[in-house]
Amino acid sequence: DAKTTQPNSMESNEEEPVHLPCNHSTISGTDYIHWYRQLPSQGPEYVIHGLTSNVNNRMASLAIAEDRKSSTLILHRATLRDAAVYYCILREWGNEKLTFGTGTRLTIIP
Amino acid sequence: GAGVSQSPSNKVTEKGKDVELRCDPISGHTALYWYRQSLGQGLEFLIYFQGNSAPDKSGLPSDRFSAERTGGSVSTLTIQRTQQEDSAVYLCASTPGLAGGSDTQYFGPGTRLTVL
């Protein structure tokens, strides 16, 4: 499985945008970029995914670099509820499992 | 609608005993996954079911671990002769089973297993 690299932790102020980076320099052409998050004492929760183009949904935006070797998850207005561990995962076509790394622990400061 | 449910939510057992963990996927989801999360190993894949078949069992750590799925719905993960290193949160996820890498996995709340 191609590897992703994320900062171990980040902090952000409440009600401000948050940009969570992910490097995946060994990504292949058929790898989807998935983001999941895990709130304290809960199972992981899907956030967003994309292949080549930037994506938006009600939770977040995903900005994918033109060479696809990095991506950024954008939370437009962080709330205390967004405090979680965020995982950036590459999922290749036909490979059904998710391979989780260590993720980024996001702390929201009131 | 109802999400993925798992039971029990907590299980404490003695070393050497067998345990069964249950997962009820979202209705209509054909694919089901088991993962476990422990302090030392992070979140790791165990096994994947498509319908009642398990095309990927590569994550099962030893032959003490087994899983089955019946009727394309409920799945049971069985751990025989539990060891202290089996202590972890066991998570189940399901998806509609669409082909390719874009399927979204929906996770249950997990079962916390403690082996004394």
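The rules behind each value
Residues numbered from 1 in each chain as written. Chains lettered and ligands numbered in written order. Predicted model: local features only at pLDDT ≥ 70, side-chain atom pairs only at ≥ 80, totals over all residues. Heavy atoms only, no water. Helix = DSSP H or I, 4+ residues; strand = E, 2+ residues; numbered from the N terminus. Buried < 20%, exposed > 50% of the residue type's maximum accessible area, 1.4 Å probe, protein only. Polar contact = N/O pair within 3.5 Å; in protein donor to acceptor, adjacent residues only side chain to side chain. Contact = heavy atoms within 4.5 Å. Pairing = 2+ DSSP bridges. Salt bridge = Lys/Arg side-chain N within 4 Å of Asp/Glu carboxyl O.

**Some remarks on the side chain of B:Gln105**
The residue B:Gln105 is located in the loop between β9 (88-95) and β10 (106-107) in this model. Judged by relative accessible area, B:Gln105 falls into the buried class, the value being 1%. Within the structure, B:Gln105 has its side chain in polar contact with the backbone oxygen of A:Glu96 (distance 3.0 Å). Among residues more than four places away in sequence, those in contact with B:Gln105 are A:Tyr36, A:Tyr46, A:Arg91, A:Glu96, A:Lys97, A:Leu98, B:Tyr33, B:Tyr35, B:Ala93, B:Ser94 and B:Thr95.

**Some thoughts on the environment of B:Asp18**
All names here are of chain B. For Asp18, the position within the fold is in the loop between β2 (10-13) and β3 (19-24). For Asp18, a relative accessible area of 47% corresponds to the partly exposed category. Considered as a pair, Asp18 and Thr82 are 64 residues apart in the sequence and their alpha carbons are 6.0 Å apart. Setting aside chain neighbours within four positions, we find Asp18 in contact with Ile79, Gln80 and Arg81. Here the side chain of Asp18 touches Arg81 through a polar contact of 2.8 Å, landing on its backbone nitrogen.

**So, the environment of A:Ala84**
Relative to the assigned elements, A:Ala84 resides in strand β8 (residues 84-92). Note on A:Ala84: relative accessible area 5%, which makes it buried.

**A word on the sheet that holds strand β6 (residues 61-64) of chain A**
Taken in spatial order, the four strands line up as β2-β7-β6-β5 (chain A) in an open sheet, and their pairing is antiparallel. Sheet topology places β2 (18-23) and β5 (55-56) of chain A at the edges, where each strand pairs with a single neighbour.

**Comments concerning the pattern of salt bridges**
Across all of its chains, the model carries seven salt bridges over all chains by this definition. Close ionic contact of A:Asp82 with A:Arg37 constitutes a salt bridge, the shortest N to O distance being 2.8 Å. On the criterion of sequence distance, the pair formed by A:Asp82 in the loop between β7 (70-75) and β8 and A:Arg37 in strand β3 (residues 31-38) is long-range, its members being 45 residues apart. B:Glu44 is the partner of B:Arg36 in a salt bridge, and the nearest nitrogen-oxygen pair spans 2.7 Å. Judged by relative accessible area, which is 10%, B:Arg36 ranks as buried. Among the charged side chains, a network of salt bridges with common partners joins A:Arg37, A:Glu45 and A:Asp82.

**Some remarks on unusual backbone geometry**
The omega torsion of the bond from B:Ser7 to B:Pro8 falls at -10°, within 30 degrees of zero and hence cis. Following the sequence through the fold, B:Pro8 ends up in the loop between β1 (5-7) and β2. Even without glycine at this site, A:Glu15 takes up a positive phi of about 70°. Tracing the backbone through its elements, the reader meets A:Glu15 in the loop between β1 (9-13) and β2. Despite not being glycine, A:Ser41 shows a phi value in the positive range, around 60°. By secondary structure assignment, the location of A:Ser41 is in the loop between β3 and β4 (45-50).

In short, shape yes, function no, at least from these values alone.
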